[in-house]
Amino acid sequence: MTKFIVIASSKGGVGKTTTAINLGTALTLFGRNVVVVDCNFSTPNVSIYLGSPQVPVTLQDVMKEGKHISEALYMHSHGLKIIPASPSLKHRDKIDMKKLGSLLKDLSGEVDYVIIDSSSGLNEETVEALKLGDEILVVSTPELPAVSDALRTIKTAKEHGKKVRGVILTRVYEDELELSKEDVEAMLETKVIAIIPEDDTIRESVKMKNPVTHTHPNAPASLGYKELAAELLGEKYVASIEKDDNIFDYLMKRLGLK
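This report concerns the structure included in the present document. Predicted model, so just to flag it, every value in this text is computed and none were measured.

**Let's talk about the sheet that holds strand 5 (residues 113-117)**
- Sheet architecture is open: 8 strands sit in the order 3-4-2-5-1-6-7-8, paired in mixed fashion. In this open sheet, the two strands that pair with only one neighbour each are strand 3 (74-75) and strand 8 (192-197).
- The sheet contact formed by strand 3 and strand 4 (residues 81-83) spans 2 bridges and is antiparallel. Each bridged residue has a counterpart across the sheet, and for M75 the counterpart in strand 4 is K81.
- Sheet strands touched by helix 6 (residues 144-159): strand 1 (3-8), strand 6 (135-140) and strand 7 (163-172). Its angle to strand 6, the strand with the most contacts, is close to 170°.

Laid out in structure tokens, this is it:
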């Protein structure tokens, strides 16, 4: 059964797109079939992050020209599938977001996870994207303005009957200038399910036009996204499988026998 997960935040610059892409690639490492859909029509960046700003068919073409959703589906070299939105200014006119749900239904049964990268703010574009999710993951940095915006996102999602699975804290320095995990959970009344540290390898991966989970598989940010994927799957992530362990050691650790 296909699960739709919306990556949301009413504040920009907190790492929604980075999270959508790297959570998607992390889930593929667990053998899941995943597609990331760029539903941020205001500032679409998924294809830009992955080095393909211009593609023949985009999500706007599907919505406006009657093309099938499969025509806008592309596979990255590492196995992640994406449905990009066009960053071109000629595609910036009004989009009927209410069409989106019926179009994405064609992905049901075809993949394991559909990860939706939503836009910032709490406008119609964002709200309609929230409505598409079986679960919502709210992204925030551990600063008061971002957490306040995260609270508005959570309230909006719940007003529309959506389940907020948890909060992902990004760009975490773990210093005295930040709110603690416990403070964030108390303010949002929602569990923090992942902490992604501030990590220069993310910037390097963007320059390399690849997910950090592949360019720097053992970097702190990569491990954070893989642990998040394991949390969503209810599985245990063993980082050492990507280092020196053989498959027997890996299986022993997964079973808790080593």
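**Observations regarding the packing of helix 6 against helix 7 (residues 181-188)**
- Direction vectors running N to C along helix 6 and helix 7 enclose 35°, while the axes themselves pass 10 Å from each other. Crossing handedness for the pair helix 6 and helix 7: right-handed. Contacts between helix 6 and helix 7 involve L144, V147, A150, L151 and I154 from the first element and V184, M187 and L188 from the second.
- Here the residues of the contact of helix 6 with helix 7 sort into 8 nonpolar, no polar and no charged.

**Section: the packing of helix 1 (residues 16-29) against helix 10 (residues 220-233)**
- In the contact formed by helix 1 and helix 10, the axes pass within 8 Å of each other and the chain directions differ by 65°. Classified by the interaxial angle, the pair formed by helix 1 and helix 10 is roughly perpendicular. Note on packing geometry: the crossing formed by helix 1 with helix 10 is right-handed. Here helix 1 contributes T18, T19, N22, L23, A26, L27 and L29 to the contact with helix 10, which in turn contributes Y225, K226, L228, A229, L232 and L233.
- For the contact of helix 1 with helix 10, the residue count by class is 9 nonpolar, 3 polar and 1 charged.

Cut-off values and rules
- Starting afresh in each chain, residues are numbered from 1 along the sequence in its written order.
- Per-residue local features are limited, in this predicted model, to residues with pLDDT of at least 70; the limit for side-chain atom pairs, both in listing and counting, is 80 or more; totals at the level of whole chains, interfaces and linings are taken over all residues.
- In computing side-chain values, all of the structure's heavy atoms are included and hydrogens and water are not.
- Should DSSP find at least two bridges between two strands, the strands are taken to pair.
- Secondary structure elements are defined from DSSP: runs of H or I of at least 4 residues count as helices, runs of E of at least 2 residues count as strands, and each element is numbered from the N terminus.
- Two residues qualify as a contact provided that any one of their heavy atoms is within 4.5 Å of a heavy atom in the partner residue.
- Axis definition: a line fit to C-alpha positions, over the contact stretch in the case of helices; interaxial angles, taken between N-to-C directions, run 0 to 180 degrees.
- Whether a crossing is left-handed or right-handed is set by the direction in which the near helix is turned from the far one by less than a right angle, anticlockwise for left-handed and clockwise for right-handed.
- The classification used treats Ala, Val, Leu, Ile, Met, Phe, Trp, Tyr, Cys and Pro as nonpolar, Asp, Glu, Lys and Arg as charged, and all other residues, Gly among them, as polar.
- Throughout, the term roughly parallel applies to angles under 35 degrees, roughly antiparallel to angles over 145, roughly perpendicular to angles from 65 to 115, and oblique to all others.

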